Amino acid sequence: MNNLPIYDVIIVGAGASGLICALECARAGKKALLLEKDAQPGRKILASGNGRCNITNRFVSPKHYHAPQKLIEQALTVFPFEKCKNYFEALGIALREEENGRFFPATGKSTAVLEPLKLAVSEAGAELLTGQEVTRIKKGKPFILYTQKGDLFKANKVVLACGSCAYPQLTGTQSGYQLAQNLGHSIIPPAAALCALNVQEKAIARLQGIRAQAALTARRQNQALAHSQGEILFTNYGVSGPAVINISSEVSRNLPKGPVELDINFFAGYADFSAFMQRRKETFGKRRAKDFFAGLLHENIANLLIDFAGIRKNIPVKDWTPGTWQNAVNTLQKWTFHIASARPWQEAMAASGGVNTSEINYNTFESLKCPGVFITGELLDVDGASGGFNLHFAWSSGFAAARKLSEV
Ligand SMILES: Cc1cc2nc3c(=O)[nH]c(=O)nc-3n(C[C@H](O)[C@H](O)[C@H](O)COP(=O)(O)OP(=O)(O)OC[C@H]3O[C@@H](n4cnc5c(N)ncnc54)[C@H](O)[C@@H]3O)c2cc1C
């Protein structure tokens, strides 16, 4: 054991955050080792953006994250969008911008990000060992890292870049939480983020496969928890699609505290919807419910809404009671479903929760509980909206930690 080399820094986890951190440490002349439990590094990078890797976003800002705003501000000061773009271009990766500021490799394949990154890490002289899961870290000078295979490694500094427990079929694991906890950190219970939602109303299965544009509000009683607007996809279990995925983190964090409702507004863009509906009634009032909604709503959505709102199908709209009319108009703008749960971890692209961010230095990502240890990426209680924000945080936190490690 005394003959073991002492690394300047060992990085646990060769995902987005660990790879960039190792690269920057090695470039600064540090003797750096990456230990990766999987047989290959960066598997989530490969899967990201449907295999296209949405690497960053031109509009990245603190408002895209559930995290202390100061923490994100610091990370974005060190590694803002322009720097991120230039950094990957300097690695030889041609990038292309798509709608809403999202950046992808121009080849349209995530291998175009991972391969140049791996090459740069190796050319800079950082070592990478795969199939090495770190199971215990003993504090000291140096730190001693134990792996499942029974190997030991020594390092003056350690970076925990183990990611979250989301997507266990692609390296997601609780391992990082356990390592951090053993070093004195507290863990905010992880909750599935960037995922679809199960709803209690089984009849929603009648809408399976239908896409619609809507404004969504997740709320508990009268307290709004999150808003979003965009495409919603109905499924046999509940709701999915970009607008749902972007509120899923807030919903799943709040579910353990009590029931959460989801209001769907199909007509958010209408300035005076009641007047619009009134005019429609004057024109088409002789029609029965199903025909009255033709041209306004997808047929299946209209049929389900008729059942939900308790509308009698055979009565012309002009003969509805004022209560029935008002109920129908209200439901079109606020159709409430009850959230049963988030979809399982296997379908969550990220995790909310993780290492308590109040226990790290916002500038350097060094642990305040265990100096010499740095914690980066999705292992922290930081989660971003969909659109390249999670990868951006993984890169920026790994880069910020390396900047500090390179000074030492
Ligand atoms: C299907 C999918 C699509 C996504 N799409 C996007 C997208 O388009 N844009 C975006 O911004 N984000 C996307 N994300 C999220 C993004 O991939 C993650 O936020 C990001 O990879 C987190 O980086 P990380 O380095 O913190 O963790 P990871 O990339 O998860 O890397 C952690 C690494 O640590 C290893 N590890 C864990 N524990 C140990 C241990 N004890 N010992 C050794 N190794 C260990 C793991 O095997 C893994 O390789 C997506 C995620 C998924 C699952």
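Residues numbered from 1 in each chain as written. Predicted model: local features only at pLDDT ≥ 70, side-chain atom pairs only at ≥ 80, totals over all residues.

Trainee: I'm lost on the overall build of the chain in this one. Help?
Mentor: Within the chain, the regular secondary structure consists of 12 helices and 20 strands. A fraction of 74% describes how many contacts in the chain between residues 6 or more apart in sequence connect residues 24 or more apart. (Helix = DSSP H or I, 4+ residues; strand = E, 2+ residues; numbered from the N terminus. Contact = placed C-beta atoms within 7 Å.)

Trainee: Sorry, what's going on with the site of the ligand here?
Mentor: Close contacts around the ligand come from 39 residues, with Gly13, Gly15, Gly49, Gly163 and Gly377 the closest. No other element matches the 5 residues that helix α2 (residues 43-51) contributes to the shell around the ligand. Split into classes, the residues belonging to the shell around the ligand amount to 17 nonpolar, 15 polar and 7 charged. (Near = placed C-beta within 6 Å. Nonpolar A, V, L, I, M, F, W, Y, C, P; charged D, E, K, R; others polar.)

Trainee: Help me understand the pairing of strand β13 (residues 211-220) in this model?
Mentor: Consecutive residues of a regular strand have side chains that alternate between opposite faces of the sheet. Bridging between β13 and strand β14 (residues 223-234) involves 10 bridges; their strand directions are antiparallel. Opposite Arg220, over in β14, you have Gln223 as the bridge partner. The pairing of β13 with strand β16 (residues 261-265) spans 5 bridges and is classified as antiparallel. Opposite Arg219, over in β16, you have Glu261 as the bridge partner. (Pairing = 2+ DSSP bridges.)

Trainee: For this particular structure, what's the right way to read the nonpolar core?
Mentor: Among soluble globular proteins, nonpolar side chains are generally buried collectively. Judged by nonpolar contacts, the single largest core of 77 residues is most densely connected at Ile10, Val12, Ala22 and Leu160. Ranked by residues supplied to this core, first place goes to helix α12 (residues 389-407) with 10 residues. (Core = buried A, V, L, I, M, F, W, Y, C linked by C-beta atoms within 7 Å. Buried ≥ 20, exposed ≤ 12 C-beta atoms within 10 Å, placed from the backbone.)

Trainee: Help me out: how do you make sense of the packing of helix α1 (residues 16-27) against helix α5 (residues 111-124) in this one?
Mentor: Between two packed helices, the angle of one axis relative to the other and the distance separating the axes together describe the packing. As a packed pair, α1 and α5 sit with axes 8 Å apart at the nearest point and diverge in direction by 30 degrees. Considering the angle they form, α1 stands roughly parallel to α5. Where α1 crosses over α5, the two elements pack in a sense that is left-handed. When α1 is examined against α5, the residues Leu19, Ala22, Leu23, Ala26 and Arg27 are found in contact with a partner set consisting of Leu117, Ala120, Val121 and Ala124. Taken together, the residues of the contact of α1 with α5 break down into 8 nonpolar, no polar and 1 charged. (Axes fitted to C-alpha atoms, helices over the stretch in contact; angles between N-to-C directions. Parallel < 35°, antiparallel > 145°, perpendicular 65-115°, else oblique. Left-handed = near helix turned anticlockwise from the far one by under 90°.)

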